[in-house]
Amino acid sequence: MSVTIVPIPTAATSVHLSFFRVLRSEQIKFFTLRSTWWTLGAMTLACIGVGTLMPLFLASGKSLDASQTGELKGVIIANLIAMATTQLGLLFMVALAVLVITNEYSSGMIRSTLVAVPRRLPVLATKTVLISLVSFLVTMVIVVISAFLTLAVLNSDGLDANFNDPAAWRMLLSAPLFVTGLALIGLGIGFMVRSTAAGITAAFALIYVVPIVLQLFTALGGSELLLALLPSEAGAQLSAINPAGLGGYWGSLAILFGWAAASLIGGGFLLKKRDA
Amino acid sequence: MIETQGLTKRFGQTTAVDNLTITVQPGSVTGFLGPNGAGKSTTMRIMVGLDNPTSGVATVNGRSYEGHQAPLREVGVLLDAKALHKGRSARAHLRALAATHGIPNSRVAEVIGLTGLESVADKRAGSFSLGMSQRLGIAAALLGDPATLILDEPVNGLDPEGVAWVRMLVRSLAAEGRTIFISSHLMSEMSQTADHVIVLGRGKMLADMPIGELLASASGTATRVRSPHAAEIASLLISPSVQVTSEEPGLLVVKGVDAVRIGEEAARHGWILHELTPITSSLESVYLELTESSVQYHSQSAASANQGATA
């Protein structure tokens, strides 16, 4: 048995770290896990299923009627699809975003990752880019497919709805924006807590439990400001016919992604500071 | 070359590494020895930036590990065989690590071949035995064709075939002029591969010298003398600089005077010698002597066995 080491054939200078190379590495890690494909597949099927069913139920219930213009009916359909896709899609995407870092800690992979990228922050930055792209594109594809599928079914039934009003597209766009904002919050939380169970619990507590607590607080006479500052409340304004909340549409978008930035900055700070 | 300067790492009340200043010389195999819990792994983790030192610095070729443009070209690391996701194939794991530095897939195939993983490269790493995981860890360490390798207990838990393979690999890597820093809690492991040893106990450096020097530094070589005139020989030799012990009648162990003189003295007095043997300390005994006082988890079995015997 003899062992020979073959040196790298390419010029030594071409072998070094770069942002796009770390991004490529993260992409390989993400798409070479079966759980990624299962999660994205399940998300697509569930969202398209529920997203198309909701307007169909509504049409049979006569909420969409002949007196409305085709444009208004299109906006209502788009709104329903966006809300259904968001509520269901965020379950999958937030969990996936938390897992993309916590599974590195639970498996020990993080040590291999950080030995290759010892400056650490590029790992967080490239995971952020990756999760943003995947979350936005997958959710966008889901709402567009759901929208045209619904339109085709309803119009073949003589509803005569269309997406000519730009408001319909604002509705559809709200789903990928909302889901991506929440996914990035989940990613930052994952970097902070490092454990899958704690990360998923914390992310869903922020999305589902904190709003209930603050609603109680508001009902008891507390200020509505705190509630309006929550990412889930701000995100919901993105698909509202008339965005209320703080600062309207753009204010809501800023609050949602402000949370994402804060969460990622917190994660980055701890990633840099703690022992791996 | 890896250097540490006054390296200290505390975990709460425990000091894992205590003011450690060492230099791992290039082009040699340096054994890093110490009982379990001596701080070897922590030192190695600090060297590649996984742990932050409480104080002091560690540098690789003159700068911090994270300061390098291509860290994987500087140092290849095997810290533990399980630093991977079980659901990913060996090839995907290596490709992901290689991608960070733009290392081509052809090099991934090379290290897979080098470590004998071809037949399992596309299987999930979670299904690997410890031996195969260790090979995969070594494949990852070799990806960047690094001049320096840090290997933490690379043969721990391996079967004899795996141990032999790692030894051969380490020797051939060293023969190519690579710097190898390899830790172990077993001296026997090191005596066959290392040129130089650094012994650590409770985070403190106990020895840092060529392996031959460590042997010579043993607390004096001794001579075993068997003779019907043992008592006379003992009374003749004994002096402040000479130590004579006797475990059974007619047998002496003499320290502080060499076999030649003992033989000459015996001849002068006409005493018969049945045995005159110089005893050199083995590396193992030198190591045990060095670390005796610093073993963190003393075995209680010897003490309780003695109590059982006297009861």
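The structure under discussion appears in the preceding block.
Each chain carries its own residue numbering, running from 1 in the direction its sequence is written. Written order decides the labels, with chains lettered from A and ligands numbered from 1. Under the rules for a predicted model, residues below a pLDDT of 70 receive no local features and side-chain atom pairs below 80 are neither given nor counted, while totals for whole chains, interfaces and linings still include all residues. Side-chain measures were taken over the full set of non-hydrogen atoms in the model, leaving aside hydrogen atoms and water.

Asker: Report on the overall build of chain A, specifying residues and quantitative values.
Answerer: The number of helices and strands found in chain A is ten helices and zero strands. Strands here mean DSSP runs of E at least two residues long; helices mean DSSP runs of H or I at least four residues long; both are numbered from the N terminus. Taken from the N to the C terminus, the helices and strands of chain A come in the order α-α-α-α-α-α-α-α-α-α. Overall, the C-alpha framework of chain A stretches about 80 × 50 × 30 Å when taken along its three principal axes. Per-residue burial for chain A yields a buried fraction of 51% across its 276 residues. Throughout, a contact is declared for two residues whenever any of their heavy atoms are within 4.5 Å. For chain A, restricting intrachain contacts to residue pairs at least 6 apart in sequence, the fraction spanning at least 24 positions comes to 78%. Counting 15 positive and 10 negative side-chain charges, chain A places the centres of these two groups 22 Å from one another. Classification of residues uses two cut-offs on accessible area relative to the type maximum, computed with a 1.4 Å probe and protein chains only: under 20% is buried, over 50% is exposed, and between them is partly exposed. By the counting rule applied here, Lys and Arg register as positive and Asp and Glu as negative, while His and the ends of each chain are not counted. By convention, the charge on Lys lies at NZ, on Arg at CZ, on Asp at CG and on Glu at CD.

Asker: Tell me about the sheet that holds strand β7 (residues 179-184) of chain B, residues and numbers included.
Answerer: Residue and element names in this part refer to chain B. Any two strands with at least two DSSP bridges between them are considered paired. In spatial order, the strands read β5-β6-β7-β3-β8-β9; together these six strands make up an open sheet with mixed pairing. On the outer flanks of this sheet lie β5 (75-78) and β9 (204-210), each paired with one strand and no other. Taken pair by pair, the neighbouring strands of this sheet meet at an average axis angle of 15 degrees, ignoring direction. Inspection of the sheet shows strand β3 (residues 29-33) paired to β7 by five bridges, in the parallel sense. For Val-29, the partnering residue across the bridge sits in β7 and is Ile-180. Sheet strands in contact with helix α6 (residues 160-175) are β3, β6 (148-152) and β7, and its direction is about 150 degrees off that of β7. Comment: axis = line fitted to C-alpha atoms, over the contacting stretch for helices; angle = value between 0 and 180 degrees taken between N-to-C directions.

Asker: Now, about the nonpolar core: what can you tell me, with residues and values included?
Answerer: As used here, the term nonpolar core means buried Ala, Val, Leu, Ile, Met, Phe, Trp, Tyr and Cys residues forming a set that is joined through side-chain atoms within 4.5 Å. Leu-187 of chain A together with Val-48, Leu-94, Ile-150 and Phe-181 of chain B are the most contacted members of the largest nonpolar core, which totals 127 residues. No other element matches the ten residues that helix α6 (residues 166-193) of chain A contributes to this core. Excluding residues that lie within four positions of it along the chain, Phe-181 of chain B makes contacts with Ile-22, Val-24, Thr-30, Phe-32, Met-44, Met-47, Leu-149, Ile-150, Leu-151 and Ile-198 of chain B. Counting 18 residues, the second-largest nonpolar core is a separate cluster that includes Ile-77, Met-140, Val-143 and Ala-147 of chain A.

Asker: Could you give an account of the sheet that holds strand β13 (residues 275-279) of chain B, naming the residues involved and the relevant values?
Answerer: Residue and element names in this part refer to chain B. As summarised here, the arrangement of the four strands in space is β11-β12-β10-β13, forming an open sheet in which the pairing is antiparallel. Because the sheet does not close on itself, it has two edges, and the strands there are β11 (243-248) and β13. Averaged over all neighbouring strand pairs, the angle between strand axes comes to 20 degrees, with direction disregarded. Pairing geometry for strand β10 (residues 222-226) and strand β12 (residues 251-255), over five bridges, is antiparallel. Bridge pairing links Arg-226 to Leu-251 in β12. Across the sheet, helix α10 (residues 259-269) lies against β10, β12 and β13, angled at about 165 degrees from β13, the strand it touches most.

Asker: Talk me through the interface of chain B and chain A; I want residue IDs and the actual numbers.
Answerer: Across the contact, 51 residues belong to chain B and 43 residues belong to chain A. When chain B packs against chain A, close to 3,900 Å² is buried across both sides, 59% of that on carbon and sulfur atoms. Any carboxyl oxygen of Asp or Glu that lies within 4 Å of a side-chain nitrogen of Lys or Arg is treated as forming a salt bridge with it. Run the count over chain B and chain A and you get three salt bridges. With a closest N to O distance of 3.0 Å, Asp-80 of chain B and Arg-111 of chain A form a salt bridge. Counting residues per element, the ones that place at least two in the side of chain B that touches chain A are β1 (2-11), α2 (71-74), α3 (90-99), α4 (105-114) and α6 of chain B. It is α3 of chain B that provides the largest number of residues to the side of chain B that touches chain A, a total of six residues. What counts as buried area is the accessible surface, traced by a 1.4 Å probe, that two parts surrender upon association, with contributions from both included.

Asker: Explain the packing of aromatic side chains to me, using residue names and the numbers behind them.
Answerer: Each aromatic pair joins two rings of Phe, Tyr and Trp (for Trp, the six-membered one) with centres within 6.5 Å, and gets the label stacked for planes under 30 degrees apart, edge-to-face for over 60, and tilted for any other angle. What the rule picks out here adds up to nine aromatic pairs over all chains. Note on Phe-30 of chain A and Phe-31 of chain A: the rings are 4.9 Å apart at their centroids and 85 degrees apart in plane angle, and the pair reads as edge-to-face. The class for Phe-31 of chain A is partly exposed, based on a relative accessible area of 29%. Aromatic ring contacts, followed pair by pair, group Phe-30, Phe-31 and Trp-37 of chain A into a single cluster. One residue, Arg-135 of chain B, lies across the ring of Trp-165 of chain B, its end atom 4.3 Å from the ring centre. Charge over a ring is defined by NZ of Lys or CZ of Arg lying within 6 Å of the ring centre and within 35 degrees of the ring normal.

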